[in-house]
Every structure is written in C-alpha cells, then in structure tokens.
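Breakdown of the fold
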Amino acid sequence: AAAAPQAQATLARKAPKPPGALAALQAVRPLSGVRTVIAGSDGKGAFVDGAGTAARFSRPSEMTVDYGRRLVFVADTRNHCIRCVGLESGVTATVAGRAGTAGFADGAGAAALFSSPSGIFFEPDSGVLYVADRDNHCIRAVDPKRAYEVRTVCGAPREPGMRDAQIGSLARFC
C-alpha cells in the first residue's frame, strides 16, 4: 500500500500584518488543502513556549522540517531564538538562544545568542540546522545531537560586507 502524503508545515501569513503581529504554524494536507494550526496564533508579538495555540512567536521569519523526527524548527526573529515544534504534540520549545536577548555568542542552548535569525535550513544527512543570523551577518550551525550547540561557520559578528572566502571567518555578508 502506498504511504499517505504527509502534511506540509507552513507559516500562516495574512498580508498585510501590523508590526509585531504573529504568524501561526499550520499543517496543510496536500490532497484536501485543509489547514490545521499546530502552534501559535495571530495577535500581539510575544514569547511563550507551550502547547498549540498557547505558544507565541514574534515575527517568525522562516521554518524548516525534520521529517524523520517530525519536528519543525522556526527562526523566531524578534525573539532572537530558534524554536522547535513537535508535529505530533504541537508543543513549542526554545532550543537555542534566549528570548528577547539579542547578541552574539556560540554555545549550547540558552548560552548561544542570535540577533534577528531570519533564515533556517535543516540538512538531513548531518541533522544540523543552518541559521542566517541576520544582524550578526553570520551563518550559524545548530547541532541537535550536541544539546543544540551553536557555532559560527562563516561570517564575522557585526562585520557586514560582501566578500567570498575559502575560510569561513573571512567571508562577509550584508
């Protein structure tokens, strides 16, 4: 028997959104198009880890899915952190960074700091997340297998520019 199509997770966006507005994380069934809220809700930007619509985000900009572990990872831009949502449970938890604290620091979990993470990508072979740390002008790697350890892979904190380099720390991003 053929496997049933998986739901695709999306960030709900209703244009235009007022400043500070939230986006809800939804699952969309490919065949029917039925949308179900997994986490968050529209409203005033805030930070809350929790189940379903009790969770709150502040300008989540992008998300990526680990289909093997059934997890969605969200770059929560205005909260300056990386959040994880269980597709089955709908529970949202912060896995890297500290809500409301912009900065730059490599480290595990809450010891790491981001400044407006705006892009995120899950690399399935290694299991590592790659994050565009916008205001730090860096690409950061987040390793779930190592207590969500964050390390800078290219760019330099708060040093914008445009430069290709074979050594990651010499590269510059706008």
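Please read all numbers here as calculations on a predicted model, not as lab measurements.

A closer look at the overall build of the protein
Summing up its helical and strand segments, the protein has zero helices and 13 strands in all. Its helices and strands in sequence order give the protein the pattern β-β-β-β-β-β-β-β-β-β-β-β-β, from N to C terminus. Residue burial in the protein is summarised as follows: out of 174 residues, 47% are buried. For the protein, the share of sequence-separated contacts (at least 6 apart) that also reach a separation of at least 24 residues comes to 33%. Carbon and sulfur atoms form 55% of the exposed surface of the protein, whose accessible area is close to 8800 Å².

Re the state of the cysteines
Under the counting rule described, the total for this entry stands at zero disulfides. The thiol sulfur of C138 is not disulfide-bonded, and the nearest other cysteine sulfur, from C154, lies at 7.8 Å. C138 sits in the buried class, given a relative accessible area of 2%.

Structural notes on the confidence of the model for the protein
Considering every residue of the protein, the mean pLDDT works out to 83; 78% of them sit at 70 or more. No element of the protein has a lower mean pLDDT than strand 1 (residues 8-11), which averages 53, and none a higher one than strand 9 (residues 107-108), which averages 98. Note that residues 1-7 has pLDDT below 50 and, in this model, eleven contacts with residues that lie over four places away or in other chains. Of the regions scoring below 50 in pLDDT, residues 12-22 engages in 31 contacts with residues more than four places distant in sequence or in other chains.

Comments concerning the pairing of strand 2 (residues 25-28)
Burial along strand 2 is two-sided: L25 and A27 facing one way and Q26 and V28 facing the other are all buried. As paired elements, strand 2 and strand 3 (residues 35-39) share four bridges and run antiparallel to each other. Directly across from L25, in strand 3, lies its bridge partner A39. Linking strand 2 back to strand 3 in an antiparallel pair, the connection comprises six residues, with G33 at a positive phi of about 75 degrees.

Focus: the sheet that holds strand 7 (residues 81-86)
Two strands in a sheet stick together by hydrogen bonds in their backbones, pointing the same way (parallel) or opposite ways (antiparallel). Strand order in the open sheet formed by five strands is 4-8-7-6-5, and the pairing between neighbours is antiparallel. Each edge of the open sheet carries a strand with a single partner, namely strand 4 (50-51) and strand 5 (60-66). Two elements, strand 6 (residues 71-76) and strand 7, share six bridges in a ladder whose sense is antiparallel. Residue F73 lies in a different strand from strand 7, and its bridge partner there is C84.

A few points about the packing of aromatic side chains
Counting across every chain of the model gives one aromatic pair. Each ring, one from F73 and one from Y148, has its centre 6.3 Å from the other, and the planes form 55 degrees; the classification is tilted. In this pair, F73 sits in strand 6 while Y148 sits in the loop between strand 12 (138-143) and strand 13 (149-155), placing the two residues 75 residues apart along the sequence. Residue class for F73 comes out buried when judged on its relative accessible area of 0%. You can call Y148 buried: its relative accessible area is 17%.

Here's the deal with the nonpolar core
Nonpolar side chains in soluble globular proteins tend to be buried together. Counting residues in hydrophobic clusters, the biggest one holds 16 residues, and the most contacted among them are F73, I82, F114, I120 and V142. Among the elements of the structure, strand 6, strand 7, strand 8 (91-97), strand 10 (117-123) and strand 11 (128-133) are those that each provide at least two residues to this core. Looking at this core, the element that brings in the most residues is strand 6, giving three residues.

Cut-offs and rules
Residues numbered from 1 in each chain as written. Predicted model: local features only at pLDDT ≥ 70, side-chain atom pairs only at ≥ 80, totals over all residues. Heavy atoms only, no water. Helix = DSSP H or I, 4+ residues; strand = E, 2+ residues; numbered from the N terminus. Buried < 20%, exposed > 50% of the residue type's maximum accessible area, 1.4 Å probe, protein only. Contact = heavy atoms within 4.5 Å. Areas by Shrake-Rupley, 256 points an atom, 1.4 Å probe, with all protein chains shown as cover. Disulfide = S-S within 2.5 Å. pLDDT = per-residue confidence, 0-100. Pairing = 2+ DSSP bridges. Phe/Tyr/Trp six-rings, centres within 6.5 Å; stacked < 30°, edge-to-face > 60°. Core = buried A, V, L, I, M, F, W, Y, C linked by side-chain atoms within 4.5 Å.

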